[in-house]
Each structure stands twice: as structure tokens, then as C-alpha cells.
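Residue-level listing of the chains:
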Amino acid sequence: MRSSKTKPYITEDERAWIEIDLKNLKHNVKTLRNAMPSNCELMAVVKAEAYGHGMYQIAAYMNQIGVKTFAVATIDEGIQLRHYDILGEILILGHTSPARAMELHKYELTQTLIDYDYARLLNKQNYNIKTHIKVDTGMHRLGFDKADTEKITRVFKMKHIEICGIYTHLCVSDSLEEEDIRFTNMQINGFYELLEKLKEKHIELPKTHIQSSYGLLNYPELKCDYVRAGVLLYGVLSSPNDKTKLHLDLRPVLSLKSRVVLLRVIHKGESVGYGRAFIAHRDSLIAIFPIGYADGFPRNLSCQKSYVLINGHHAPVVGKICMDQLAVDVTNIPDITIGTAATLIGKDENAEITAPVVADNSESITNELLCRLGRRVKIITTDLDGVY
Ligand SMILES: *Cc1c(COP(=O)(O)O)cnc(C)c1O
């Protein structure tokens, strides 16, 4: 087999493509597991097409290397995983209509109980359902109020509700500001106080979990049964300059590439693209790439707000990014021809443009950038042995 670092041969006809490096994914799984307490299990968050990496490729590979617990946002994502023959626990983090209780049961999905009324409705459907109780400790999104020990206790007695877990979600665990640390500790303590009260009521505690990616990085001392890891699995931080307590050697899993379909000379004073937003201040060589905001490359990276890498060199995006195409100034780039590949996210020879940097340039976070990539872009997986 042939190795595929920068120019995989099977993509010669592709407009734009995503390369998924499974050996980096494997490395990240191992690194995260090593950073977690010994009895704690990795819950791999693969919602939103595994943050744009392709839910099938990512979940199937992780299942193969021994990951047994997954989290998704919706029931349809959960059912999709079962259609992909994914084994193990699949926790739905969001709301599912109680009218779909039969499917929750049939596909052995684990549903989050988002509050008491929801739990009652789900119980009434007469299907035995595995669940985790979500507790609101300050995020104020989904969950039972942490003070509502009574109602939470009652849920443990519901006939069709099997409680396999109880969890909370932190809302400022990515920050090491003093006040944010205080808030997070308040959340964590509130969760543990609730667990103590449940124990006093002789409730046998199910599995517990608190941390997502930044929860692990900044509160690694917590001893829970799961860490719900999303963005870190994919080897990236949400923002490029985040300060964290733990520094893990994680490696980006995704690269985004495209290739030149047209080269044209633009004379000094001529414009390129919509709104004539780019006017050449010199005679310029412009490369057109067939990738645009419909592929998830953000439009607000237009007009020199970002660059792509070509043969290891930086080349600025000029003019407005279109739905399906963008223009790059390649006047100073040597050896460029039709078909030359560019890296929009990833490594290119000795240069690298990371997803957090691209996200930051577009005034967003890595999570949003990645999960919006790719509806039209083919995903190619590579590992140590090559492309498949
Ligand atoms: C998406 C999500 C996660 C994963 O978050 P990351 O920051 O990507 O690790 C964890 N928990 C919940 C409840 C989520 O919605």
C-alpha cells in the first residue's frame, strides 16, 4: 500500500477532500485514556458527523480499537450508529420525543432525562428505556435542578426507566480565570452534594460523569466513571491560545484540501470576484479552487483573512469566498500548475495551518468550523499503512 501524506493518488479527480488520519485518532484515544483516572472510561462524542470527521469512519474505527461508549446529540444519530454496527453504549445527550420511545428501546440507545416531566412522559410509553439523569448545576440548559433531590429520587422508582448514569455539564471549564474556577467548583460541589443526598436516601448510585474535553484538561483530578470527550479526540483545542492545566500531546485528525482548477493572470487594477472586493495592486497570478462556503469554509475568511498552504508556502485568500469557489493569490508561489493541491487545514510540507487558527480567523471556535465542514466533501481515511 502507498502512504498518503500530502497528495493521495485516489483524489486526483476530487474538487476538495477531507483526510482523516486514523493513527492520530488512535494516538489521541490513548493519550486521553492515560490522562484519565484508571477506572474512568472514555465516552467518545461523535455527534454532528463526529465534528465533521465522518461519524461512520470515526466510530467504526474507535469501536475496533476498543472504545465502547459513545455520545450523540440526537436519536437519529444514535440509530445511524446502530446501522453502522457500532456496539456498546450510545448516550443521546439531547431531547428525544417520547413518541420515539419504541426506537430508543429497539436500538438500545441510552436517553438523557432532561427534567422530571420528561422522565414521567417517557416512563408512560411502556417501553423499558436506559437513561442517564442530567443535572443542572449552573449551565441552565438541560437538566433537573440540583436541589430537586425529591424528584430525582422518584425517577429511580419509575417502572420503565432504568437509570445507568447521572451527569452534569460545566459551562466555564475552559477558563482559568479565578471567578470561572470558583463557578466551576460550585458546579462540581453541587453535583457531589446531590449524590451524597441520594446515597442518604439509600439510592445505589449509577455511573457518574462531569467532564467534557476542557473539564478533563482543567479539572483532571475529578474521579468519575466517564469523560465525555469531543473536540480533544480530534486532536485540537477549541481556540488556539487557550491556557489549560494539562498539556496533552494530541494530534489533529482532520486535514482539508483542494486543488487548483484554473490559473489566471490579473493585471494591476483589475478585480476578482463578487463585489470587486479584491483589486490587484500589481500584476498577479490568481488560482481558483473549487471549494467554498457551501463546503463549510467560512465566508468571513474572505479578503485576506486567511490563507492556504501550497507546496509549503502561505498564499492569501483574496476577494469574497463564493458558495462553491474561492480565489487565492499565488503570485509568489513557485511550481504551481493546474491540479496542484492546497491545504486549507492541516500540514503541508514544513508549514501548518491548524483548525483552531482557521476558526479563530473566522471569529468562531474549532468545534463550529469542523462540524460545518464536508457535506459535499469526500472523506478519505488514512492510517499507518496507507489509504483505504
Ligand atoms: C458536545 C458535548 C460534549 C463534548 O464537548 P467537547 O468540548 O467537544 O469535549 C460533552 N458533553 C455534552 C453534554 C455535550 O453536549
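Residues numbered from 1 in each chain as written. Predicted model: local features only at pLDDT ≥ 70, side-chain atom pairs only at ≥ 80, totals over all residues. Heavy atoms only, no water.

### Structural notes on the overall build of the protein chain
Part 1 of the argument: Within the protein chain one finds eleven helices and 22 strands.
Part 2 of the argument: Expected size for 388 residues packed as a compact globule is a radius of gyration near 21 Å; at 24 Å, the protein chain falls within 12% of this value.
Part 3 of the argument: Taking the principal axes of the C-alpha coordinates as reference, the protein chain spans close to 80 × 45 × 40 Å.
Part 4 of the argument: Within the protein chain, the proportion of its 388 residues that are buried is 54%.
Part 5 of the argument: Residue pairs at least 24 apart in sequence account for 66% of intrachain contacts in the protein chain once pairs closer than 6 positions are excluded.
Part 6 of the argument: For the protein chain, the computed accessible surface area is about 17900 Å², with 48% contributed by carbon and sulfur atoms. (Helix = DSSP H or I, 4+ residues; strand = E, 2+ residues; numbered from the N terminus. Rg over C-alpha atoms; globule rule 2.2 N^0.38 Å. Buried < 20%, exposed > 50% of the residue type's maximum accessible area, 1.4 Å probe, protein only. Contact = heavy atoms within 4.5 Å. Areas by Shrake-Rupley, 256 points an atom, 1.4 Å probe, with all protein chains shown as cover.)

### Notes on the nonpolar core
Part 1 of the argument: Formed by 110 residues in total, the largest nonpolar core has its most connected members in Val46, Met62, Phe70, Val155 and Ile310.
Part 2 of the argument: For this core, the domains that each give at least three residues are domain 1 (22-234) and domain 2 (254-353).
Part 3 of the argument: Ignoring sequence-local partners within four residues, the contact set of Val155 consists of Leu113, Tyr116, Ala119, Ile133, Phe144, Ile161 and Ile163.
Part 4 of the argument: Counting eight residues, the second largest nonpolar core, distinct from the first, contains Ile266, Phe278, Val318 and Ala327. (Core = buried A, V, L, I, M, F, W, Y, C linked by side-chain atoms within 4.5 Å. Domains from an automatic or database assignment.)

### Things to note about a positive patch on the surface
Part 1 of the argument: A cluster of basic residues, Arg120, Lys124, Lys151 and Arg154, forms a positive patch at the surface.
Part 2 of the argument: Following the sequence through the fold, Arg154 ends up in helix α7 (residues 149-155).
Part 3 of the argument: Taking the relative accessible area as the measure of exposure, Arg154 reaches 41% and is therefore partly exposed. (Patch = residues over 30% accessible without salt bridge, like charges linked within 9 Å, V, L, I, M, F, W, Y side chains within 5 Å. Salt bridge = Lys/Arg side-chain N within 4 Å of Asp/Glu carboxyl O. Lys, Arg positive; Asp, Glu negative; His and termini not counted. Charge placed at Lys NZ, Arg CZ, Asp CG, Glu CD.)

### Considerations on the environment of Asn63
Part 1 of the argument: When you line up the elements, Asn63 lands in helix α3 (residues 55-64).
Part 2 of the argument: For the pair Asn63 and Val231, spaced 168 residues apart in the sequence, the C-alpha separation amounts to 18 Å.
Part 3 of the argument: Dropping the residues within four chain positions of it, Asn63 is found in contact with Phe70, Asp85, Ile86 and Leu87.
Part 4 of the argument: A polar atom in the side chain of Asn63 sits 3.0 Å from the backbone oxygen of Val67. (Polar contact = N/O pair within 3.5 Å; in protein donor to acceptor, adjacent residues only side chain to side chain.)

### Quick look at helix α8 (residues 178-200)
Part 1 of the argument: Helix length check: α8 (23 residues) gives 33 Å between terminal C-alpha atoms against 33 Å at 1.5 Å per residue, within 8%.
Part 2 of the argument: Remark: His202 follows α8 within two positions and exhibits a positive phi of approximately 65 degrees. (Expected span 1.5 Å × (residues − 1).)

### Topic: helix α4 (residues 75-83)
Part 1 of the argument: Of the residues making up α4, those classed as buried are Ile75, Glu77, Gly78, Ile79, Leu81 and Arg82.
Part 2 of the argument: For α4, the secondary structure elements touched by its buried residues are α2 (47-52), α3, β3 (69-72), β4 (89-92) and α5 (101-106).
Part 3 of the argument: Following α4 by one or two positions, Asp85 has its phi on the positive side, about 65 degrees.

### A word on the packing of aromatic side chains
Part 1 of the argument: Counted under the stated rule, the structure contains three aromatic pairs.
Part 2 of the argument: Ring geometry for Phe191 and Tyr192: centres 5.9 Å apart, planes at 65 degrees, overall edge-to-face.
Part 3 of the argument: For Tyr192, a relative accessible area of 27% gives the class partly exposed. (Phe/Tyr/Trp six-rings, centres within 6.5 Å; stacked < 30°, edge-to-face > 60°.)

### A word on the layout of surface pockets
Part 1 of the argument: By volume, the largest pocket is sized at about 700 Å³.
Part 2 of the argument: Taken together, 28 residues form the lining of the largest pocket, with Lys47, Arg141, His169, Ser212 and Asn367 sitting closest to its centre.
Part 3 of the argument: Within the residue set of the lining of the largest pocket, elements represented by two or more residues are α2 and α9 (213-218).
Part 4 of the argument: Here the residues of the lining of the largest pocket sort into 13 nonpolar, nine polar and six charged. (1 Å grid on protein atoms, 1.4 Å probe; cavity = no way out; pocket = protein on both sides within 12 Å on 5 of 7 lines; lining within 4 Å. Points joined across faces, edges and corners; volume = space filled by probe spheres on them. Nonpolar A, V, L, I, M, F, W, Y, C, P; charged D, E, K, R; others polar.)

### A word on the environment of Ile166
Part 1 of the argument: As for its position among the elements, Ile166 is in strand β8 (residues 161-168).
Part 2 of the argument: Ile166 gets classed as buried once you look at its relative accessible area, which sits at 0%.
Part 3 of the argument: Taking the C-alpha atoms as reference points, Ile166 and Leu176, separated by ten residues in sequence, lie 26 Å from one another.

### Quick notes on the packing of helix α1 (residues 22-35) against α3
Part 1 of the argument: Where α1 contacts α3, the axes come no closer than 11 Å and their chain directions differ by 55 degrees. Classified by the angle between their axes, α1 and α3 sit oblique to one another. When you trace α1 past α3, the crossing you get is right-handed. In this structure, α1 uses Leu22, Leu25, Lys26 and Val29 to contact α3, whose residues at the interface are Gln57, Ile58, Tyr61 and Met62. (Axes fitted to C-alpha atoms, helices over the stretch in contact; angles between N-to-C directions. Parallel < 35°, antiparallel > 145°, perpendicular 65-115°, else oblique. Left-handed = near helix turned anticlockwise from the far one by under 90°.)

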